[in-house]
Amino acid sequence: MQGTMQDRPLRLNHFVERAERYTPSKLIVSGTATGVEQRTYGEWAERTRKLVSVLDSLEVPPEARVATFAWNSARHLELYFAAPCSGRVLHTLNIRLFPEQLTYIVNHAEDDVIFVDRSLLGLLTPLLPSFRTVRHLVVMDDGGEAPNPEGVSVLNYEELLSAAEPAEFFLGDENAAAAMCYTSGTTGNPKGVIYTHRSTYLHTLSVLQADSIGVCESDTVMPVVPMFHANAWGLAHAGVATGANLVLPGPRMTPAALADLIVEQRVTVPAGVPTIWMGVLPELKGRDTSALRTIPCGGSAVPKALSEAYREQLGLPILQAWGMTETSPIASVAITRSWLADLPEDELADLRASQGPAVLGVELRIVDQETGAELPWDGSTRGELQAAGPWIASGYYNDDRSADSFTPDGWLRTGDVAVMTPDGYVRIVDRTKDVVKSGGEWISSVELENEIMAHPAVAEAAVIGLPHPKWGERPFAAVVIRPEMTLTQAEVLEFLSGRVANWWLPDEVVFIDEIPKTSVGKFSKKDLRDQFADHVLPSD
Ligand code: ADP
(Lines give C-alpha, C1' and ligand atoms only; values in the text may rest on other atoms or scores of the structure.)
Protein backbone atom coordinates (compact mmCIF):
# COMPACT_ATOMS: atom_id res chain seq x y z
CA MET A 1 0.00 0.00 0.00
CA GLN A 2 1.31 3.42 -0.89
CA GLY A 3 1.06 6.38 1.47
CA THR A 4 -1.20 9.30 0.76
CA MET A 5 1.37 12.05 1.22
CA GLN A 6 2.61 14.63 -1.29
CA ASP A 7 5.85 13.77 -3.00
CA ARG A 8 7.52 17.19 -3.06
CA PRO A 9 11.14 17.43 -4.20
CA LEU A 10 13.73 18.60 -1.65
CA ARG A 11 15.30 21.54 -3.48
CA LEU A 12 17.54 24.37 -2.27
CA ASN A 13 15.33 27.15 -3.66
CA HIS A 14 13.06 26.45 -0.66
CA PHE A 15 15.72 27.84 1.69
CA VAL A 16 16.06 31.09 -0.29
CA GLU A 17 12.29 31.49 -0.54
CA ARG A 18 11.97 31.10 3.24
CA ALA A 19 14.72 33.66 3.84
CA GLU A 20 12.98 36.20 1.59
CA ARG A 21 9.50 35.62 3.06
CA TYR A 22 10.13 34.92 6.73
CA THR A 23 13.47 36.49 7.72
CA PRO A 24 14.20 39.27 5.17
CA SER A 25 15.51 41.68 7.82
CA LYS A 26 18.01 39.27 9.40
CA LEU A 27 21.67 40.03 8.66
CA ILE A 28 24.63 38.68 6.75
CA VAL A 29 27.83 40.38 7.90
CA SER A 30 30.94 39.95 5.74
CA GLY A 31 34.50 40.79 6.68
CA THR A 32 36.43 42.65 3.96
CA ALA A 33 40.04 43.75 3.60
CA THR A 34 39.05 47.12 5.07
CA GLY A 35 36.29 46.41 7.62
CA VAL A 36 32.86 44.76 7.67
CA GLU A 37 29.87 45.06 5.33
CA GLN A 38 26.35 44.01 6.11
CA ARG A 39 23.26 43.26 4.11
CA THR A 40 19.89 41.76 4.93
CA TYR A 41 18.68 38.37 3.76
CA GLY A 42 16.04 40.27 1.74
CA GLU A 43 18.77 42.18 -0.16
CA TRP A 44 20.85 39.03 -0.45
CA ALA A 45 17.95 37.02 -1.94
CA GLU A 46 17.25 39.72 -4.52
CA ARG A 47 20.92 39.78 -5.50
CA THR A 48 20.91 35.97 -5.69
CA ARG A 49 17.99 36.13 -8.13
CA LYS A 50 19.82 38.78 -10.18
CA LEU A 51 22.83 36.51 -10.27
CA VAL A 52 20.65 33.85 -11.90
CA SER A 53 19.99 36.37 -14.71
CA VAL A 54 23.71 37.08 -14.95
CA LEU A 55 24.46 33.37 -15.40
CA ASP A 56 21.77 33.23 -18.10
CA SER A 57 23.20 36.29 -19.88
CA LEU A 58 26.69 34.76 -19.79
CA GLU A 59 25.11 31.72 -21.44
CA VAL A 60 26.39 29.37 -18.79
CA PRO A 61 24.69 26.12 -19.91
CA PRO A 62 22.44 23.97 -17.71
CA GLU A 63 24.53 21.70 -15.44
CA ALA A 64 27.69 23.70 -16.18
CA ARG A 65 30.11 24.12 -13.30
CA VAL A 66 30.18 27.58 -11.74
CA ALA A 67 33.46 27.81 -9.85
CA THR A 68 34.27 30.10 -6.94
CA PHE A 69 37.71 31.13 -5.72
CA ALA A 70 36.68 33.17 -2.75
CA TRP A 71 36.70 33.92 0.95
CA ASN A 72 33.58 33.43 3.04
CA SER A 73 31.33 36.37 2.16
CA ALA A 74 27.74 37.33 1.27
CA ARG A 75 28.73 37.29 -2.42
CA HIS A 76 30.07 33.77 -2.09
CA LEU A 77 26.71 32.88 -0.49
CA GLU A 78 24.89 34.39 -3.48
CA LEU A 79 26.84 32.01 -5.72
CA TYR A 80 26.16 29.13 -3.29
CA PHE A 81 22.46 29.39 -4.17
CA ALA A 82 22.28 31.07 -7.60
CA ALA A 83 24.22 28.24 -9.26
CA PRO A 84 22.18 25.26 -7.98
CA CYS A 85 18.85 27.13 -8.00
CA SER A 86 19.31 27.87 -11.71
CA GLY A 87 20.11 24.27 -12.68
CA ARG A 88 23.89 24.74 -12.64
CA VAL A 89 26.47 23.23 -10.31
CA LEU A 90 28.47 25.21 -7.77
CA HIS A 91 32.14 24.23 -7.63
CA THR A 92 34.04 25.73 -4.69
CA LEU A 93 37.79 25.86 -5.35
CA ASN A 94 40.16 25.62 -2.40
CA ILE A 95 42.22 28.83 -2.47
CA ARG A 96 45.15 27.18 -0.70
CA LEU A 97 45.71 24.25 -3.05
CA PHE A 98 48.94 23.85 -4.96
CA PRO A 99 48.77 25.33 -8.49
CA GLU A 100 49.01 21.90 -10.18
CA GLN A 101 46.08 20.62 -8.09
CA LEU A 102 43.97 23.65 -8.97
CA THR A 103 44.67 23.14 -12.65
CA TYR A 104 43.77 19.47 -12.29
CA ILE A 105 40.50 20.23 -10.49
CA VAL A 106 39.33 23.03 -12.79
CA ASN A 107 39.98 20.87 -15.87
CA HIS A 108 38.58 17.71 -14.32
CA ALA A 109 35.35 19.45 -13.28
CA GLU A 110 35.29 21.31 -16.64
CA ASP A 111 34.48 24.63 -14.99
CA ASP A 112 32.73 27.07 -17.34
CA VAL A 113 33.10 30.27 -15.34
CA ILE A 114 35.17 31.28 -12.30
CA PHE A 115 34.10 33.93 -9.80
CA VAL A 116 37.17 35.23 -7.97
CA ASP A 117 37.68 37.70 -5.12
CA ARG A 118 39.91 40.59 -6.18
CA SER A 119 42.20 39.91 -3.20
CA LEU A 120 42.80 36.35 -4.50
CA LEU A 121 43.15 37.19 -8.19
CA GLY A 122 46.95 37.20 -8.00
CA LEU A 123 46.90 33.49 -7.09
CA LEU A 124 44.69 32.58 -10.04
CA THR A 125 46.11 34.79 -12.82
CA PRO A 126 49.24 32.68 -13.52
CA LEU A 127 47.07 29.55 -13.86
CA LEU A 128 44.54 30.93 -16.35
CA PRO A 129 46.38 29.62 -19.45
CA SER A 130 46.27 26.08 -18.00
CA PHE A 131 42.46 26.05 -17.66
CA ARG A 132 40.98 24.29 -20.70
CA THR A 133 37.23 24.93 -20.34
CA VAL A 134 36.85 28.27 -18.54
CA ARG A 135 35.05 30.83 -20.74
CA HIS A 136 34.51 33.68 -18.25
CA LEU A 137 36.36 35.21 -15.33
CA VAL A 138 34.25 37.38 -13.03
CA VAL A 139 36.04 39.49 -10.40
CA MET A 140 34.38 40.37 -7.09
CA ASP A 141 35.82 43.56 -5.60
CA ASP A 142 36.48 42.93 -1.93
CA GLY A 143 38.88 45.72 -1.07
CA GLY A 144 41.87 43.80 -2.47
CA GLU A 145 44.16 45.48 -4.98
CA ALA A 146 45.32 42.99 -7.65
CA PRO A 147 45.29 44.25 -11.27
CA ASN A 148 43.23 42.46 -13.91
CA PRO A 149 45.25 39.87 -15.83
CA GLU A 150 46.47 41.07 -19.21
CA GLY A 151 45.04 39.69 -22.44
CA VAL A 152 42.03 38.10 -20.74
CA SER A 153 38.54 39.53 -20.74
CA VAL A 154 37.53 40.14 -17.15
CA LEU A 155 33.96 40.82 -16.03
CA ASN A 156 33.02 42.75 -12.91
CA TYR A 157 30.53 41.14 -10.50
CA GLU A 158 28.84 44.32 -9.30
CA GLU A 159 28.54 45.75 -12.82
CA LEU A 160 26.92 42.55 -14.07
CA LEU A 161 24.57 42.46 -11.10
CA SER A 162 23.48 46.09 -11.35
CA ALA A 163 22.46 45.55 -14.99
CA ALA A 164 20.43 42.40 -14.19
CA GLU A 165 16.80 41.79 -13.25
CA PRO A 166 15.80 39.25 -10.55
CA ALA A 167 14.89 35.88 -12.12
CA GLU A 168 12.72 32.92 -11.20
CA PHE A 169 14.50 29.82 -9.95
CA PHE A 170 14.75 26.71 -12.10
CA LEU A 171 12.83 23.86 -10.48
CA GLY A 172 14.60 20.60 -11.30
CA ASP A 173 14.95 17.09 -9.97
CA GLU A 174 15.88 16.78 -6.30
CA ASN A 175 18.62 14.33 -7.25
CA ALA A 176 20.22 16.74 -9.71
CA ALA A 177 23.74 17.90 -8.90
CA ALA A 178 23.78 21.06 -6.77
CA ALA A 179 27.44 21.45 -5.88
CA MET A 180 30.77 19.73 -6.08
CA CYS A 181 33.79 19.74 -3.86
CA TYR A 182 37.14 17.99 -4.16
CA THR A 183 38.87 16.36 -1.20
CA SER A 184 41.99 18.27 -0.30
CA GLY A 185 44.04 15.37 -1.64
CA THR A 186 46.60 14.35 0.97
CA THR A 187 47.54 11.48 -1.35
CA GLY A 188 47.27 11.58 -5.14
CA ASN A 189 45.04 13.95 -7.03
CA PRO A 190 41.97 15.33 -5.29
CA LYS A 191 38.73 13.38 -5.78
CA GLY A 192 35.45 15.09 -6.66
CA VAL A 193 32.25 14.61 -4.66
CA ILE A 194 28.94 15.78 -6.13
CA TYR A 195 26.18 16.80 -3.73
CA THR A 196 22.55 16.79 -4.83
CA HIS A 197 19.78 19.22 -3.86
CA ARG A 198 18.27 16.44 -1.81
CA SER A 199 21.48 15.47 0.01
CA THR A 200 22.24 19.10 0.88
CA TYR A 201 18.67 19.74 2.02
CA LEU A 202 18.71 16.71 4.31
CA HIS A 203 22.20 17.49 5.62
CA THR A 204 21.04 21.01 6.46
CA LEU A 205 18.06 19.68 8.42
CA SER A 206 20.49 17.46 10.29
CA VAL A 207 22.65 20.48 11.26
CA LEU A 208 19.49 22.02 12.76
CA GLN A 209 18.83 19.06 15.06
CA ALA A 210 19.22 19.85 18.74
CA ASP A 211 21.29 16.66 19.12
CA SER A 212 23.69 17.93 16.45
CA ILE A 213 24.73 21.60 16.23
CA GLY A 214 21.14 22.76 16.62
CA VAL A 215 21.34 25.93 14.53
CA CYS A 216 18.15 27.97 14.88
CA GLU A 217 16.80 31.41 13.93
CA SER A 218 18.03 33.12 17.08
CA ASP A 219 21.66 32.12 16.43
CA THR A 220 24.43 34.21 14.94
CA VAL A 221 26.52 31.66 13.07
CA MET A 222 30.12 32.30 12.05
CA PRO A 223 31.61 29.64 9.76
CA VAL A 224 35.36 30.22 10.08
CA VAL A 225 35.65 26.94 8.21
CA PRO A 226 35.98 28.06 4.59
CA MET A 227 33.00 27.81 2.26
CA PHE A 228 35.31 25.75 -0.02
CA HIS A 229 35.98 23.19 2.74
CA ALA A 230 33.16 20.63 2.67
CA ASN A 231 30.31 23.16 2.34
CA ALA A 232 31.46 25.15 5.39
CA TRP A 233 30.11 22.12 7.28
CA GLY A 234 26.56 22.98 6.21
CA LEU A 235 26.52 26.15 8.33
CA ALA A 236 26.04 28.59 5.44
CA HIS A 237 23.04 26.57 4.27
CA ALA A 238 21.78 26.36 7.85
CA GLY A 239 21.94 30.16 8.13
CA VAL A 240 19.79 30.68 5.05
CA ALA A 241 17.38 27.87 5.98
CA THR A 242 16.70 29.23 9.48
CA GLY A 243 17.34 32.94 9.01
CA ALA A 244 20.07 32.88 11.66
CA ASN A 245 22.35 35.90 11.29
CA LEU A 246 25.53 34.92 9.49
CA VAL A 247 28.99 36.36 10.08
CA LEU A 248 31.32 35.50 7.19
CA PRO A 249 34.88 36.54 8.08
CA GLY A 250 36.21 37.06 4.53
CA PRO A 251 39.96 37.66 4.60
CA ARG A 252 39.82 38.68 8.30
CA MET A 253 41.23 35.32 9.38
CA THR A 254 43.87 36.23 11.97
CA PRO A 255 43.11 35.05 15.52
CA ALA A 256 42.76 38.68 16.69
CA ALA A 257 40.36 39.60 13.87
CA LEU A 258 38.25 36.45 14.47
CA ALA A 259 38.08 37.21 18.20
CA ASP A 260 36.92 40.76 17.39
CA LEU A 261 34.15 39.41 15.15
CA ILE A 262 33.02 36.92 17.83
CA VAL A 263 32.81 39.65 20.47
CA GLU A 264 31.49 42.55 18.37
CA GLN A 265 28.91 40.55 16.40
CA ARG A 266 27.81 38.58 19.49
CA VAL A 267 28.36 35.29 17.66
CA THR A 268 26.59 32.29 19.18
CA VAL A 269 27.98 29.48 16.96
CA PRO A 270 31.48 29.95 15.55
CA ALA A 271 32.94 26.87 13.79
CA GLY A 272 36.44 25.96 12.65
CA VAL A 273 39.27 23.42 12.74
CA PRO A 274 41.32 22.93 15.95
CA THR A 275 44.26 25.06 14.79
CA ILE A 276 41.88 28.04 14.53
CA TRP A 277 40.65 27.60 18.11
CA MET A 278 44.21 27.15 19.38
CA GLY A 279 45.00 30.62 18.07
CA VAL A 280 41.79 32.38 19.06
CA LEU A 281 41.58 31.39 22.75
CA PRO A 282 44.24 33.81 24.08
CA GLU A 283 42.66 36.62 22.05
CA LEU A 284 39.35 36.12 23.87
CA LYS A 285 40.85 36.51 27.33
CA GLY A 286 38.98 39.07 29.45
CA ARG A 287 36.48 39.90 26.69
CA ASP A 288 32.70 39.60 26.62
CA THR A 289 31.98 36.17 25.11
CA SER A 290 28.62 35.76 26.85
CA ALA A 291 26.74 35.33 23.57
CA LEU A 292 28.58 32.09 22.70
CA ARG A 293 26.34 29.02 22.81
CA THR A 294 28.48 26.29 21.27
CA ILE A 295 31.83 26.04 19.45
CA PRO A 296 31.72 23.28 16.82
CA CYS A 297 35.12 21.98 15.80
CA GLY A 298 36.29 19.14 13.57
CA GLY A 299 38.40 18.31 10.56
CA SER A 300 40.95 16.69 12.83
CA ALA A 301 40.87 15.38 16.38
CA VAL A 302 40.15 18.01 19.01
CA PRO A 303 42.76 17.68 21.77
CA LYS A 304 41.10 17.23 25.16
CA ALA A 305 43.46 19.89 26.54
CA LEU A 306 42.15 22.43 24.01
CA SER A 307 38.52 21.71 24.79
CA GLU A 308 39.25 21.89 28.52
CA ALA A 309 41.12 25.18 28.11
CA TYR A 310 37.94 26.62 26.54
CA ARG A 311 35.84 25.24 29.37
CA GLU A 312 38.15 26.77 31.95
CA GLN A 313 38.42 30.18 30.28
CA LEU A 314 34.95 30.63 28.78
CA GLY A 315 32.86 28.08 30.66
CA LEU A 316 32.16 26.41 27.33
CA PRO A 317 33.98 23.30 26.09
CA ILE A 318 34.40 22.66 22.37
CA LEU A 319 31.75 20.60 20.55
CA GLN A 320 33.60 18.04 18.47
CA ALA A 321 32.17 16.84 15.15
CA TRP A 322 33.52 14.27 12.72
CA GLY A 323 33.05 14.13 9.00
CA MET A 324 34.60 14.23 5.56
CA THR A 325 34.06 15.96 2.24
CA GLU A 326 32.40 12.65 1.27
CA THR A 327 29.88 12.91 4.15
CA SER A 328 28.62 16.47 3.35
CA PRO A 329 30.35 16.60 5.97
CA ILE A 330 28.67 16.16 9.37
CA ALA A 331 28.30 12.51 10.34
CA SER A 332 28.79 12.48 14.11
CA VAL A 333 28.72 15.05 16.90
CA ALA A 334 30.03 14.53 20.44
CA ILE A 335 26.92 15.59 22.33
CA THR A 336 26.59 14.35 25.90
CA ARG A 337 23.80 11.77 26.18
CA SER A 338 21.47 12.23 29.16
CA TRP A 339 22.47 8.97 30.89
CA LEU A 340 26.12 10.06 30.79
CA ALA A 341 25.60 13.62 32.00
CA ASP A 342 26.34 12.81 35.64
CA LEU A 343 29.79 11.35 34.96
CA PRO A 344 32.71 13.02 36.76
CA GLU A 345 33.99 16.11 34.90
CA ASP A 346 37.15 14.36 33.71
CA GLU A 347 35.17 11.50 32.14
CA LEU A 348 32.85 14.01 30.50
CA ALA A 349 35.92 15.69 29.04
CA ASP A 350 37.01 12.29 27.64
CA LEU A 351 33.58 11.88 26.09
CA ARG A 352 33.86 15.30 24.46
CA ALA A 353 37.28 14.31 23.15
CA SER A 354 35.60 11.47 21.23
CA GLN A 355 33.89 12.01 17.89
CA GLY A 356 30.45 11.25 19.36
CA PRO A 357 27.44 9.27 18.18
CA ALA A 358 26.29 9.31 14.54
CA VAL A 359 23.74 12.03 13.84
CA LEU A 360 20.20 10.91 12.99
CA GLY A 361 20.19 9.76 9.37
CA VAL A 362 23.78 8.47 9.29
CA GLU A 363 24.78 4.86 9.96
CA LEU A 364 28.29 3.99 11.11
CA ARG A 365 30.00 0.65 11.57
CA ILE A 366 33.52 -0.61 12.19
CA VAL A 367 34.83 -3.40 10.03
CA ASP A 368 37.84 -5.72 9.95
CA GLN A 369 39.82 -4.51 6.95
CA GLU A 370 41.06 -8.01 6.06
CA THR A 371 37.85 -10.02 6.34
CA GLY A 372 35.20 -7.31 5.94
CA ALA A 373 33.45 -8.64 9.10
CA GLU A 374 31.64 -6.15 11.31
CA LEU A 375 33.32 -5.62 14.69
CA PRO A 376 31.77 -5.24 18.15
CA TRP A 377 31.06 -1.90 19.84
CA ASP A 378 33.06 -2.72 22.97
CA GLY A 379 35.22 0.38 23.33
CA SER A 380 38.44 -1.45 22.45
CA THR A 381 38.19 -3.33 19.13
CA ARG A 382 39.65 -1.24 16.32
CA GLY A 383 38.46 -1.36 12.74
CA GLU A 384 37.88 0.71 9.66
CA LEU A 385 35.07 3.20 10.11
CA GLN A 386 32.43 2.97 7.38
CA ALA A 387 29.45 5.25 6.79
CA ALA A 388 26.11 5.12 4.98
CA GLY A 389 23.22 7.55 4.64
CA PRO A 390 21.38 9.95 2.33
CA TRP A 391 24.14 12.61 2.49
CA ILE A 392 27.07 10.19 2.18
CA ALA A 393 28.78 9.90 -1.24
CA SER A 394 28.28 6.72 -3.26
CA GLY A 395 31.19 7.35 -5.63
CA TYR A 396 33.57 9.98 -6.98
CA TYR A 397 33.08 12.09 -10.07
CA ASN A 398 34.68 10.46 -13.13
CA ASP A 399 37.30 8.66 -11.08
CA ASP A 400 38.40 5.04 -11.25
CA ARG A 401 39.51 5.24 -7.62
CA SER A 402 35.85 4.93 -6.55
CA ALA A 403 36.07 1.14 -6.45
CA ASP A 404 38.57 1.18 -3.56
CA SER A 405 36.58 3.60 -1.46
CA PHE A 406 33.20 1.90 -1.33
CA THR A 407 32.20 -1.57 -0.16
CA PRO A 408 30.18 -4.01 -2.30
CA ASP A 409 27.13 -3.20 -0.12
CA GLY A 410 27.52 0.52 -0.82
CA TRP A 411 29.13 1.87 2.37
CA LEU A 412 31.83 4.56 2.27
CA ARG A 413 35.23 3.35 3.46
CA THR A 414 36.44 6.38 5.39
CA GLY A 415 40.12 5.44 5.72
CA ASP A 416 39.81 6.19 9.44
CA VAL A 417 40.53 3.60 12.11
CA ALA A 418 38.09 3.79 15.01
CA VAL A 419 36.63 2.03 18.02
CA MET A 420 32.96 2.27 19.00
CA THR A 421 31.94 2.43 22.64
CA PRO A 422 28.93 0.47 23.90
CA ASP A 423 27.14 3.87 24.17
CA GLY A 424 27.65 4.38 20.42
CA TYR A 425 30.44 6.99 20.60
CA VAL A 426 33.05 6.87 17.83
CA ARG A 427 36.67 7.24 18.86
CA ILE A 428 38.92 7.91 15.90
CA VAL A 429 42.22 6.15 16.57
CA ASP A 430 43.97 7.45 13.48
CA ARG A 431 43.89 7.69 9.74
CA THR A 432 44.87 4.32 8.29
CA LYS A 433 47.95 5.85 6.71
CA ASP A 434 49.06 7.72 9.87
CA VAL A 435 48.94 4.83 12.36
CA VAL A 436 52.46 4.00 13.60
CA LYS A 437 53.00 0.28 13.09
CA SER A 438 55.55 -0.78 15.70
CA GLY A 439 56.44 -4.48 15.75
CA GLY A 440 53.04 -5.48 14.34
CA GLU A 441 51.20 -3.42 16.98
CA TRP A 442 49.49 -0.11 16.31
CA ILE A 443 50.26 3.16 18.02
CA SER A 444 47.71 5.95 17.58
CA SER A 445 49.52 9.09 16.45
CA VAL A 446 46.39 11.10 17.31
CA GLU A 447 46.33 9.91 20.92
CA LEU A 448 50.05 10.57 21.38
CA GLU A 449 49.70 14.08 19.96
CA ASN A 450 46.78 14.85 22.21
CA GLU A 451 48.70 13.70 25.28
CA ILE A 452 51.72 15.79 24.30
CA MET A 453 49.50 18.83 23.66
CA ALA A 454 48.18 18.52 27.21
CA HIS A 455 51.63 19.72 28.42
CA PRO A 456 51.35 23.39 29.37
CA ALA A 457 54.51 24.35 27.47
CA VAL A 458 53.33 22.76 24.19
CA ALA A 459 51.60 24.87 21.53
CA GLU A 460 51.35 22.18 18.81
CA ALA A 461 52.53 18.59 18.39
CA ALA A 462 52.41 16.07 15.57
CA VAL A 463 53.55 12.44 15.61
CA ILE A 464 54.64 10.36 12.61
CA GLY A 465 56.16 6.90 12.23
CA LEU A 466 59.79 6.75 11.09
CA PRO A 467 61.55 3.59 9.89
CA HIS A 468 63.21 1.48 12.58
CA PRO A 469 65.47 -1.53 11.88
CA LYS A 470 63.97 -3.70 14.60
CA TRP A 471 60.35 -2.54 15.01
CA GLY A 472 59.55 -1.52 11.42
CA GLU A 473 58.37 1.91 12.56
CA ARG A 474 58.64 3.92 15.75
CA PRO A 475 56.90 7.14 16.81
CA PHE A 476 58.70 10.44 16.27
CA ALA A 477 57.24 13.64 17.73
CA ALA A 478 57.63 17.16 16.39
CA VAL A 479 56.72 19.74 19.01
CA VAL A 480 56.23 23.51 18.94
CA ILE A 481 56.96 25.16 22.30
CA ARG A 482 54.77 28.04 23.50
CA PRO A 483 56.41 31.46 23.34
CA GLU A 484 58.72 32.23 26.27
CA MET A 485 58.61 28.66 27.61
CA THR A 486 61.20 25.91 27.53
CA LEU A 487 60.93 22.16 27.16
CA THR A 488 63.28 19.21 26.66
CA GLN A 489 62.81 15.74 25.22
CA ALA A 490 63.29 14.25 28.69
CA GLU A 491 60.52 16.45 30.08
CA VAL A 492 58.11 15.42 27.30
CA LEU A 493 58.85 11.73 27.86
CA GLU A 494 58.47 12.06 31.61
CA PHE A 495 55.14 13.84 31.13
CA LEU A 496 53.93 11.02 28.86
CA SER A 497 54.96 8.22 31.23
CA GLY A 498 51.87 6.92 32.92
CA ARG A 499 49.65 8.67 30.40
CA VAL A 500 50.43 6.21 27.57
CA ALA A 501 51.88 2.69 27.50
CA ASN A 502 55.67 2.68 27.81
CA TRP A 503 56.19 1.15 24.39
CA TRP A 504 54.23 4.08 22.89
CA LEU A 505 56.82 6.65 24.08
CA PRO A 506 58.32 8.41 21.04
CA ASP A 507 61.87 7.36 20.17
CA GLU A 508 62.70 10.97 19.59
CA VAL A 509 61.14 14.38 20.25
CA VAL A 510 62.31 17.31 18.15
CA PHE A 511 61.39 20.95 18.57
CA ILE A 512 60.42 22.95 15.48
CA ASP A 513 58.98 26.43 14.83
CA GLU A 514 55.71 25.33 13.28
CA ILE A 515 53.90 22.13 12.30
CA PRO A 516 53.23 22.28 8.54
CA LYS A 517 49.52 22.68 7.78
CA THR A 518 47.33 21.40 4.94
CA SER A 519 45.26 23.67 2.70
CA VAL A 520 42.42 23.48 5.20
CA GLY A 521 44.52 24.12 8.29
CA LYS A 522 45.08 20.57 9.55
CA PHE A 523 48.50 19.31 10.64
CA SER A 524 50.07 17.99 7.44
CA LYS A 525 51.65 14.64 8.29
CA LYS A 526 52.63 14.28 4.64
CA ASP A 527 54.74 17.45 4.73
CA LEU A 528 56.18 16.49 8.09
CA ARG A 529 57.12 13.06 6.72
CA ASP A 530 58.77 14.77 3.72
CA GLN A 531 60.61 17.15 6.05
CA PHE A 532 62.06 14.25 8.06
CA ALA A 533 62.30 11.73 5.18
CA ASP A 534 66.06 11.22 5.65
CA HIS A 535 66.01 11.43 9.41
CA VAL A 536 67.43 8.44 11.26
CA LEU A 537 66.04 7.66 14.70
CA PRO A 538 68.65 7.31 17.45
CA SER A 539 69.52 3.64 18.08
CA ASP A 540 68.42 2.35 21.51
P1 ADP B 1 41.13 15.70 3.72
O2 ADP B 1 41.01 14.22 3.53
O3 ADP B 1 41.74 16.35 2.60
O4 ADP B 1 41.69 16.12 5.06
P5 ADP B 1 38.46 16.11 4.64
O6 ADP B 1 38.27 17.45 5.23
O7 ADP B 1 37.36 15.52 3.90
O8 ADP B 1 39.66 16.24 3.69
O9 ADP B 1 38.97 15.17 5.79
C10 ADP B 1 38.26 14.12 6.36
C11 ADP B 1 39.10 13.46 7.39
O12 ADP B 1 39.43 14.37 8.44
C13 ADP B 1 38.44 12.32 8.10
O14 ADP B 1 38.52 11.13 7.35
C15 ADP B 1 39.26 12.22 9.38
O16 ADP B 1 40.48 11.54 9.19
C17 ADP B 1 39.58 13.66 9.66
N18 ADP B 1 38.66 14.20 10.67
C19 ADP B 1 37.60 15.00 10.48
N20 ADP B 1 37.02 15.31 11.65
C21 ADP B 1 37.72 14.69 12.63
C22 ADP B 1 37.62 14.60 14.05
N23 ADP B 1 36.69 15.26 14.75
N24 ADP B 1 38.52 13.83 14.70
C25 ADP B 1 39.48 13.16 14.03
N26 ADP B 1 39.63 13.21 12.70
C27 ADP B 1 38.77 13.96 12.00
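Residues numbered from 1 in each chain as written. Predicted model: local features only at pLDDT ≥ 70, side-chain atom pairs only at ≥ 80, totals over all residues. Heavy atoms only, no water.

Overview of helix H1 (residues 13-22)
Heads up, the rule is: Categorising residues by exposure relies on relative accessible area from a 1.4 Å probe, with only protein chains included: less than 20% of the type maximum marks a residue as buried, more than 50% marks it as exposed, and the intermediate range marks it as partly exposed. Numbering of helices and strands starts at the N terminus; helices are DSSP runs of H or I of at least 4 residues and strands are runs of E of at least 2. Read the arc as the range of directions from the helix axis to the C-beta atoms.
Restricting attention to buried positions, one finds in H1 the residues Asn-13, Phe-15, Val-16 and Ala-19. Taken down its axis, H1 places every buried residue within 160° of arc, on the same side. Turned more than 90 degrees away from the buried face of H1, the exposed residues are Arg-21 and Tyr-22.

Thoughts on the domain arrangement of the protein chain
The test is simple: Bear in mind that the domain bounds are from an automatic or database domain assignment. We call two residues in contact when some of their heavy atoms are within 4.5 Å. Whenever a carboxyl oxygen of Asp or Glu lies within 4 Å of a side-chain nitrogen of Lys or Arg, that contact is scored as a salt bridge. Pairs of N or O atoms within 3.5 Å make up the polar contacts considered here, provided that, within protein, one atom can donate a hydrogen while the other can accept it, and that residues adjacent in sequence are counted only when both atoms are side-chain atoms.
Taken as a whole, the protein chain is organised into domain 1 (13-253) and domain 2 (436-531). Between the C-alpha centres of domain 1 and domain 2 there is a distance of 38 Å. Taken together, the seven residues of domain 1 in the interface contact four residues of domain 2. Our count for the domain 1 to domain 2 interface comes out at zero salt bridges. Here domain 1 is connected to domain 2 by one residue pair in polar contact (both at pLDDT 80 or more).

Re the site of the ligand
Note the following rule: We call a residue near a given molecule or strand whenever any one of its heavy atoms falls within 4 Å of it.
Neighbouring the ligand are 16 residues, the closest being Ser-184, Ala-321, Thr-325, Asp-416 and Arg-431. Here Gly-299 contributes a backbone N or O atom positioned 3.0 Å from a nitrogen atom of the ligand. With respect to the ligand, the side chain of Lys-522 contributes an N or O atom lying 2.8 Å from an oxygen atom. Counting residues per element, the shell around the ligand draws most heavily on strand S14 (residues 318-323), at four residues.

Comments concerning the nonpolar core
One broad rule of soluble globular proteins: the nonpolar side chains tend to lie buried together. What counts is decided by this rule: For the purposes of this section, nonpolar cores are sets of buried Ala, Val, Leu, Ile, Met, Phe, Trp, Tyr and Cys residues that join through side-chain atoms within 4.5 Å.
With 143 residues, the main nonpolar core has Trp-44, Leu-77, Phe-81, Phe-115, Trp-277, Val-280 and Ile-452 as its most contacted residues. Counting residues per element, this core draws most heavily on helix H2 (residues 41-57), at seven residues. Each of domain 1 (13-253) and domain 2 (436-531) gives at least three residues to this core. If we skip the residues at most four places from it in the chain, Trp-277 touches Val-224, Ile-262, Pro-270, Ala-271, Gly-272, Ile-295, Pro-296, Cys-297, Leu-306, Tyr-310 and Ile-318.

Re the sheet that holds strand S15 (residues 330-333)
Stated precisely, the cut-off is as follows: Two strands are said to pair when DSSP picks up at least two bridges between them. For helices, the fitted axis covers only the stretch in contact; all axes are lines through C-alpha atoms, and the angles between them, taken along N-to-C directions, range from 0 to 180 degrees.
Strand order across the open sheet formed by three strands is S13-S14-S15, with mixed pairing between neighbours. Looking along the sheet, the strands with just one partner apiece sit at the ends: strand S13 (295-297) and S15. Within this sheet the neighbouring strands show an average axis-to-axis angle of 35°, counted without direction. Where S13 meets S14, three bridges bridge the pair, whose relative direction is parallel.

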